[in-house]
Amino acid sequence: MPTTVSVLSNITDFVVNEGHGVKGLSEMGLQTLPKQYIQPLEERITPTTVILDDQIPVIDMSNWDNDTKLIGEKICNAAEKWGFFQIINHDISLDVLESVKEATYRFFRQPAEEKNKHSKENSSTNNVRYGTSFTPKAEKALEWKDYLSLFYVSDEEAAALWPSALREEALDFLRNSEIVIKKLLEALMKGLNVKEIDETKESLLMGSKRINVNYYPKCPNPELTVGVGRHSDVSTLTILLQDNIGGLYVKKLDSETWVHVPPIDGALVINIGDALQIMSNGRYKSIEHRVMANGSNNRISVPIFVNPKPSDVIGPLAEVLENGEEPIYKQVLYSDYVKHFFRKAHDGKDTVDFAKIK
Ligand SMILES: COc1cc(/C=C/C(=O)SCCNC(=O)CCNC(=O)[C@H](O)C(C)(C)COP(=O)(O)OP(=O)(O)OC[C@H]2O[C@@H](n3cnc4c(N)ncnc43)[C@H](O)[C@@H]2OP(=O)(O)O)ccc1O
Ligand SMILES: O=C(O)CCC(=O)C(=O)O
Ligand SMILES: [Fe+2]
């Protein structure tokens with residue numbers, strides 16, 4: 001086992017290259033945060049920018065069959081005003097949610113050598129990626145997070161390539177989320193004057209999926225760093241399962257203030273991603289969010305990113321422009337958009353400028 005002194009003299013080797021991650025660092029019992037993780041003042045989450053008297057909407061899906069119109073309107077309203085909401089009574093069983101959380105812990109509990117088989121350098125596939133921070137090579141300060149990212153192609157590919165520690169549970173969460181994803185997209189498309197989601201639209205909106213499992217270990221100086229820096233997701237929409245620790249903050253539209261997303265047992269957090277902001281010509285908002293590190297507890301979260309296919313070209317939908325509205329985004333190849341996102345450090349909403357008509 002390396003000593004604290006030898007680890008601290010080469011953090012990148014220990015955390016990034018050897019695959020110990022920030023989990024390995026945290027478990028050495030550090031008393032102070034290594035300098036590589038100290039974020040500039042403007043990137044830290046401070047009480048002065050957080051407001052306590054507002055909250056993202058919480059939408060009850062239980063009466064969907066009888067109240068589709070009313071619930072649909074609430075969803076569209078939340079997508080326009082907040083870009084974020086929580087759903088309760090969504091029909092994904094607590095068992096499925098608990099199992100994927102347990103499996104996440106099972107994956108991260110494994111020795112570094114086992115997890116590191118899935119690093120960019122060691123993995124035989126781009127569709128399975130274990131890593132730490134976001135893009136360590138491009139970042140001035142690292143983020144206090146380890147992750148495993150799984151791009152879904154087929155059950156057969158998952159059986160061959162996904163780590164067995166969480167494969168079945170991640171697939172179960174993906175399968176069970178299908179119905180609620182379709183309900184959300186049906187409501188959101190109605191709000192854009194799209195009457196029917198045919199095969200082509202379905203493929204454009206949800207032609208590919210990625211499931212990530214995030215691990216934020218206990219941090220010695222949480223106020224000096226971030227779990228995840230300011231970013232918007234590049235998805236169509238994201239379905240996020242968080243545990244009961246808290247720490248996710250969402251920027252309020254047209255303001256410099258942030259609200260906390262309080263954990264609600266059994267709820268899922270939904271957010272609009274850049275792809276849907278672009279397709280809706282800016283009507284639905286892909287909002288900046290970030291995660292605070294925690295000084296007392298480890299935290300996990302499991303986002304499912306629902307995306308266009310990499311080969312799709314995305315731009316404002318014809319139905320949205322039908323009434324003469326001017327497009328504010330151009331047509332872009334989705335994989336170019338995603339590559340642009342992955343190649344730079346988290347920088348708030350700047351990714352979407354890639355698709356803006358100047
Ligand atoms: C917040 O912290 C995060 C967030 C995320 C993900 C957030 C999302 O919103 S995911 C939704 C992304 N959409 C998709 O995955 C569907 C479309 N997929 C694609 O278009 C492609 O699969 C691709 C992602 C572009 C990869 O295509 P490929 O041809 O294989 O390109 P590469 O050259 O291998 O990769 C380009 C560039 O991106 C880096 N990268 C690729 N995948 C990941 C990943 N899962 N996590 C981090 N970085 C990734 C890759 O290293 C390349 O960069 P280089 O600098 O090496 O050139 C995810 C993780 C978080 O922490
Ligand atoms: O962990 C969270 O609550 C949010 C994670 C996130 O924003 C992401 O993975 O894109
Ligand atoms: Fe995110």
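Residues numbered from 1 in each chain as written. Chains lettered and ligands numbered in written order. Predicted model: local features only at pLDDT ≥ 70, side-chain atom pairs only at ≥ 80, totals over all residues. Heavy atoms only, no water.

- Looking at an unreviewed UniProt entry, one finds the protein chain named feruloyl-CoA 6-hydroxylase and attributed to Nicotiana tabacum.
- Taken verbatim from the UniProt record of the protein chain, the Cofactor (unreviewed entry) comment is "L-ascorbate".
- UniProt's Sequence similarities (unreviewed entry) comment on the protein chain is quoted here verbatim: "Belongs to the iron/ascorbate-dependent oxidoreductase family." (UniProt positions renumbered as here; feature names shortened; annotations may be inferred.)

## Focus on the nonpolar core
- Within the largest apolar cluster, 72 residues are counted, with the highest numbers of intra-cluster contacts made by Met61, Ile75, Trp162, Phe173, Ile211 and Leu268.
- A total of 11 residues in this core trace back to one element, the largest contributor, which is helix α8 (residues 167-190).
- The residues contacting isoleucine 75, other than those within four sequence positions of it, are Ile59, Met61, Trp64, Phe85, Leu184, Ala187 and Leu188. (Core = buried A, V, L, I, M, F, W, Y, C linked by side-chain atoms within 4.5 Å. Buried < 20%, exposed > 50% of the residue type's maximum accessible area, 1.4 Å probe, protein only. Helix = DSSP H or I, 4+ residues; strand = E, 2+ residues; numbered from the N terminus. Contact = heavy atoms within 4.5 Å.)

## Thoughts on the sheet that holds strand β1 (residues 58-60)
- Reading across the sheet, the 8 strands line up as β1-β2-β10-β7-β12-β5-β4-β3 and stay open at both edges, with mixed pairing between neighbours. Strands with a single pairing partner mark the edges of an open sheet, and in this sheet they are β1 and β3 (128-132). Between one strand axis and the next, the sheet turns by 20 degrees as a mean value, whatever way the strands run.
- In terms of strand pairing, strand β7 (residues 237-242) meets strand β12 (residues 299-307) through 6 bridges, oriented antiparallel. (Pairing = 2+ DSSP bridges. Axes fitted to C-alpha atoms, helices over the stretch in contact; angles between N-to-C directions.)

## Some thoughts on the site of ligand 2
- With respect to spatial proximity, the complete set of residues near ligand 2 consists of Asn214, Tyr216, His231, Asp233, Leu240, Leu248, His289, Val291, Arg299, Ser301, Pro303 and Phe305.
- In this structure, an oxygen atom belonging to ligand 2 sits 3.0 Å away from a side-chain N or O atom of histidine 289.
- Arginine 299 has a polar side-chain atom sitting 2.8 Å from an oxygen atom of ligand 2.
- Protein burial of ligand 2: of its 300 Å² of free accessible surface, 95% is covered by the chains. (Near = heavy atom within 4 Å. Polar contact = N/O pair within 3.5 Å; in protein donor to acceptor, adjacent residues only side chain to side chain. Areas by Shrake-Rupley, 256 points an atom, 1.4 Å probe, with all protein chains shown as cover.)

## Focus: the pairing of strand β5 (residues 208-216)
- Taking burial as the measure, the 9 residues of β5 include 9 buried ones, the bulk of the element.
- Sheet topology places strand β4 (residues 146-152) next to β5; 7 bridges connect them, and they run antiparallel. Within the sheet, the bridge partner assigned to phenylalanine 151 lies in β5 and is arginine 210.
- The pairing of β5 with β12 spans 7 bridges and is classified as antiparallel.

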